[in-house]
Amino acid sequence: MATREQLIADIMGAQQRLQDLIAEDREDPLFSSHLTLSQLKILMLLARHGSVSGGELAGLLGIGAAALTGMIDRLVVQDLVARAEDPHDRRVRRIALTRTGRDLIGSIFNAGDEKMRTILSRLSAEELDLVAQATALIIKAAGSGQP
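Residues numbered from 1 in each chain as written. Predicted model: local features only at pLDDT ≥ 70, side-chain atom pairs only at ≥ 80, totals over all residues. Heavy atoms only, no water.

## Considering the overall build of the chain
Filter applied, for reference: Each helix is a run of H or I in the DSSP string that is no shorter than four residues. Each strand is a run of E no shorter than two, and both are numbered from the N terminus. Radius of gyration: C-alpha atoms only; globule rule: 2.2 Å multiplied by the number of residues to the exponent 0.38. Each residue is placed in one exposure class: buried if its accessible area under a 1.4 Å probe, protein chains only, is under 20% of its type's maximum, exposed if it is over 50%, and partly exposed if it falls in between. Any two residues having at least one pair of non-hydrogen atoms within 4.5 Å are treated as being in contact. Charged-residue counts in this description rest on Lys and Arg as positive and Asp and Glu as negative, His and the chain ends being excluded. To locate a charge, take NZ of a lysine, CZ of an arginine, CG of an aspartate or CD of a glutamate.
On a plain count of helices and strands, the chain comes out with seven helices and three strands. Each helix (α) and strand (β) of the chain, taken in turn from the N terminus, gives the series α-α-α-β-α-α-β-β-α-α. On C-alpha atoms alone, the chain measures out to a radius of gyration of 20 Å, which is more than a quarter above the 15 Å that the 2.2 N^0.38 rule sets for 147 residues. Its C-alpha atoms put the chain at 65 × 35 × 25 Å along the principal axes. A total of 147 residues make up the chain; the buried ones form 22% of that total. Looking at the chain alone, contacts between residues at least 24 apart form 50% of all its contacts between residues at least 6 apart. Between the mean site of the 17 positive side-chain charges and the mean site of the 19 negative ones, the chain shows a separation of 8 Å.

## Here we look at the confidence of the model for the chain
Our working rule: One confidence number per residue, pLDDT, is output by the predictor and ranges from 0 to 100.
When pLDDT is averaged along the chain, the result is 90; 97% of the residues meet or exceed 70. Here helix H2 (residues 29–32) stands out as the least confident element of the chain, with mean pLDDT 74; helix H3 (residues 37–49) is the most confident, with 95.

## Some thoughts on the pattern of salt bridges
Selection rule: We define a salt bridge as a side-chain nitrogen of Lys or Arg found within 4 Å of a carboxyl oxygen belonging to Asp or Glu.
The final tally for this structure, using the stated rule, is four salt bridges. The salt bridge partner of Asp86 is Arg94, with a shortest N-O separation of 3.2 Å. Between Asp89 and Arg91 there is a salt bridge, with its nearest N and O atoms 2.9 Å apart. For Asp89, a relative accessible area of 22% gives the class partly exposed.

## Describing the packing of H3 against helix H5 (residues 65–77)
Note the threshold: Axis definition: a line fit to C-alpha positions, over the contact stretch in the case of helices; interaxial angles, taken between N-to-C directions, run 0 to 180 degrees. Oblique is the label for any angle not covered by the other classes, which are roughly parallel (under 35 degrees), roughly antiparallel (over 145) and roughly perpendicular (65 to 115). Polarity classes work like this: nonpolar for Ala, Val, Leu, Ile, Met, Phe, Trp, Tyr, Cys and Pro, charged for Asp, Glu, Lys and Arg, and polar for all others, with Gly in that last group.
Following both chains from N to C, one finds H3 and H5 inclined at 80°, their axes separated by 10 Å at the closest point. Taken as axis vectors, H3 and H5 run roughly perpendicular relative to one another. Residues Ser38, Gln39, Ile42 and Leu43 of H3 form the contact with H5, whose own contacting residues are Leu68, Met71, Ile72, Arg74 and Leu75. When grouped by side-chain class, the residues that make up the contact of H3 with H5 number six nonpolar, two polar and one charged.

## Focus: the nonpolar core
Stated precisely, the cut-off is as follows: We define a nonpolar core as any set of buried Ala, Val, Leu, Ile, Met, Phe, Trp, Tyr and Cys residues linked to one another through side-chain atoms lying within 4.5 Å.
Membership of the largest hydrophobic core comes to 20 residues, with the highest contact counts inside it found for Leu43 and Leu57. Every element with two or more residues in this core is listed here: H3, helix H4 (54–61), H5, strand S3 (93–97) and helix H6 (99–120). When residues of this core are assigned to their parent elements, the largest contribution, five residues, is made by H3. If sequence neighbours within four positions are ignored, Leu43 has contacts with Leu35, Leu75, Leu80, Val81, Leu97, Leu104 and Ile105.

Following this line, the structure appears as structure tokens:
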């Protein structure tokens with residue numbers, strides 16, 4: 001029987017191989033989007049937080065408002081985000097995803113779901129039960145806060 005540490009290493013290695021196999025798919029919307037890492041971060045933050053002020057978004061990114069302006073300008077040109085006046089303070093401009101931006105970030109987030117569904121559909125009912133049990137155990141361990 002393998003040691004506990006060897007089993008952990010084997011599981012982590014298998015997880016990395018699975019991630020590598022999934023990442024090889026060049027039809028992934030992330031690869032066809034031509035977004036920079038900074039632009040992707042902005043879209044992900046807006047997807048999570050909704051409409052935010054430029055100052056709030058700059059704070060979330062850890063950058064200055066001046067640096068953010070150019071990035072937002074490029075995303076506006078691509079129709080991925082829009083600026084709008086804050087209804088409570090006309091001096092503040094709020095930034096939010098457009099429908100195109102929501103669709104793009106949604107397709108990026110959901111691309112992995114479709115790939116995983118395809119992979120899981122190749123397993124038998126018994127194998128799926130084992131995967132479900134193992135996944136539940138991992139979620140339980142992650143939620144316990146114990147190392």
